[in-house]
Amino acid sequence: MNKLSVKQATELALEVGRIILQSGGTTNRVEKMMLKVCKGLGYPNTESFVTPTGIFISVNDAEGSISTSIKRIENRRIDLGKITRVSRLVSCLEEKQNCPEGKAVMDVNSFRKELNAIDREEAWPGWLRNLCGGATSGFFCLLFGGAWMEFAIAVLIGIIVSYGMKLLSRLAFNNFLLNAIAAALIVCIAKSMDYYIPYIRLDNIIIGGIMLLVPGLSITNAIRDTMSGDLVSGTARGVEALFITVGIVAGSGTMLKLFSLWGY
Amino acid sequence: MRPFDTLTLMQFCWAFLAILGFSIRVNLKGIKIFYTALSGGLCWAFYLIVLYYSNSVLFSVFISIILVCIYAELVAPKLRTPVSVFVTCAIIPLVPGRGLFESMQYYIAGNNVQASKSILETLLIAGTISIAIAVVSSVTNIWLKMLNRF
């Protein structure tokens, strides 16, 4: 295996970090993974500093020349499958063994190829994921004491909101606005369904829809980051969770108030 | 016995299916989906059982999150998966979406006393979840360090 130059190793590590951070990994994991990649490529002296919105990495080689690179991270989305697959790939590189997901023994070229494949791959088709969003919302509605009619409406709302969020995220809205609009959409559909279908309890339906939006990932990451000592990103993610929550409340509250003003 | 009847089993199933949907939504694949869904279901079942015996919401949230995080720490290395993937999926049923919505409703209705009570409860539940996750993850860190040392 011919050794990569410092620049190429930095780029490769940065790519690994970008994928994990963009799909919602903890800061500690991103730093550890980039360190492992550089070690596997033959550069053990690596320092990195990761925040939720950017990666800083500098790789030293034996002669003392340093390669530093900065990457700004935008449009983050939850994709736990990608985190898992990249982590496995990196641990394969570290142990220089057969990868259960890939075919050949890891060298640099096949590593890069696998990484690109993971980055481009969609684990499930879009319609199935939207359907599962609907199922999640529906079963949460049942969990909180809904009846079957409410289940059906919650499933419908979940599917519509999943599609809507996909479309809205294409417009590059920020997190606050995205969640506010999605929550407003949930309340709007539920209220207009209430007009046509008698004897349904709106609370369960709306809560089932809101459970799709609650920032579970941000809370988990904030705590795990803080506990592993990354105070900057811990605080940042905590604030992110708070803002998502405020967005949900603002969106659904505004819509409820509008409907009550209109007379429903 | 109340906490081990069919109603609890049904609730377990709903939580299981909900997290099943959630884990497909976040692009997980393979046998992991089953285990994450199981963690979500177990989380809710533990919560109901402890709630029956202790009558305290915060205590039952604390205990159930701790148990589920231990489950995640045990299962995740076997599946070569990051622990945070499991924890993220497992806590979703207990995240206080209902408290959030109720406090907002009270607030809009102008009932400030009820609203602040509900907000406080929501914040306390969220804080309890955080503390439970923090306890398990730091204890695991110490445990792994001790294993490496000796």
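Look up a bit, the structure's there.
The structure contained in this document is the topic of the report that follows. These figures come from a predicted structure and were not determined experimentally.

### Section: the interface of chain B and chain A
With 44 residues of chain B at the contact, the number on the chain A side is 51 residues. Interface of chain B and chain A: buried area, both sides summed, is about 4,500 Å²; carbon and sulfur atoms make up 69% of it. Together, Arg25(B), Asn27(B) and Arg80(B) form the three largest contributors to the area buried by chain B at its contact with chain A, with a combined 17%. Summed over the shared surface of chain B and chain A, the number is 1 salt bridge. Put simply, Lys29(B) and Glu121(A) hold a salt bridge, and the shortest N to O gap is 3.3 Å.

### Observations regarding helix α5 (residues 97-109) of chain B
Residues three or four positions apart in an α-helix share a direction because the helix packs 3.6 residues into each turn. Taking 1.5 Å per residue as the helical rise, α5(B) with its 13 residues ought to reach 18 Å, and the 19 Å between its terminal C-alpha atoms agrees with that figure. The complete set of buried residues in α5(B) reads Gly97(B), Gly99(B), Leu100(B), Phe101(B), Ser103(B) and Met104(B). Residues of α5(B) that are buried sit in contact with α8 (202-210) and α10 (231-262) of chain A together with α6 (112-149) of chain B. Just downstream of α5(B), Gly110(B) is the residue with a positive phi angle, here 85 degrees.

### Things to note about the packing of α8(A) against α5(B)
Interaxial distance between α8(A) and α5(B) falls to 9 Å at its minimum, and their mutual angle equals 125 degrees. Compared by their axis directions, α8(A) and α5(B) come out oblique. Handedness of the crossing formed by α8(A) with α5(B): right-handed. Between α8(A) and α5(B), the contacting residues are Asp203(A), Asn204(A), Ile206(A), Ile207(A) and Ile210(A) on the first element and Gly97(B), Arg98(B), Phe101(B) and Gln105(B) on the second. Along the lines of polarity and charge, the residues of the contact of α8(A) with α5(B) split into 4 nonpolar, 3 polar and 2 charged.

### Points about helix α2 (residues 27-40) of chain A
Residues and elements named next belong to chain A. Counted at 1.5 Å a residue, the expected span for α2 with its 14 residues is 20 Å, and the 20 Å between its end C-alpha atoms agrees. Taken together, the buried positions of α2 are Thr27, Val30, Glu31, Met33, Met34, Val37, Cys38 and Gly40. Looking at the residues trailing α2, positive phi occurs at Gly42, about 100 degrees.

### Considering a nonpolar patch on the surface
Residues and elements named next belong to chain A. Where nonpolar side chains cluster on the molecular surface, the patch consists of Leu171, Phe173, Phe176, Leu177, Ile181, Val239, Leu242, Phe243 and Val246 and spans about 760 Å² of accessible area. Looking at which element gives the most residues to the nonpolar patch, the answer is α10, with 4 residues. Judged by relative accessible area, which is 46%, Phe243 ranks as partly exposed.

### Examining the pairing of strand β1 (residues 46-51) of chain A
All names here are of chain A. Pairing of β1 with strand β2 (residues 54-60) involves 6 bridges; the strand directions are antiparallel. Across the sheet, Glu47 pairs through a bridge with Ser58, a residue of β2. Linkage of β1 to β2, two consecutive antiparallel strands, is achieved through a turn of 2 residues.

### Quick notes on the environment of Phe243(A)
Position of Phe243(A) among the secondary structure elements: in helix α10. Spatially, the C-alpha atom of Phe243(A) lies 16 Å from that of Arg77(A), the residues being 166 residues apart in sequence.

Quick notes on the rules
- Residues numbered from 1 in each chain as written.
- Chains lettered and ligands numbered in written order.
- Predicted model: local features only at pLDDT ≥ 70, side-chain atom pairs only at ≥ 80, totals over all residues.
- Heavy atoms only, no water.
- Contact = heavy atoms within 4.5 Å.
- Buried area = accessible area lost by both parts, 1.4 Å probe.
- Salt bridge = Lys/Arg side-chain N within 4 Å of Asp/Glu carboxyl O.
- Helix = DSSP H or I, 4+ residues; strand = E, 2+ residues; numbered from the N terminus.
- Expected span 1.5 Å × (residues − 1).
- Buried < 20%, exposed > 50% of the residue type's maximum accessible area, 1.4 Å probe, protein only.
- Axes fitted to C-alpha atoms, helices over the stretch in contact; angles between N-to-C directions.
- Parallel < 35°, antiparallel > 145°, perpendicular 65-115°, else oblique.
- Left-handed = near helix turned anticlockwise from the far one by under 90°.
- Nonpolar A, V, L, I, M, F, W, Y, C, P; charged D, E, K, R; others polar.
- Patch = residues over 30% accessible without salt bridge, like charges linked within 9 Å, V, L, I, M, F, W, Y side chains within 5 Å.
- Areas by Shrake-Rupley, 256 points an atom, 1.4 Å probe, with all protein chains shown as cover.
- Pairing = 2+ DSSP bridges.

Keep in mind that these numbers describe shape and distance, not what the molecule does.
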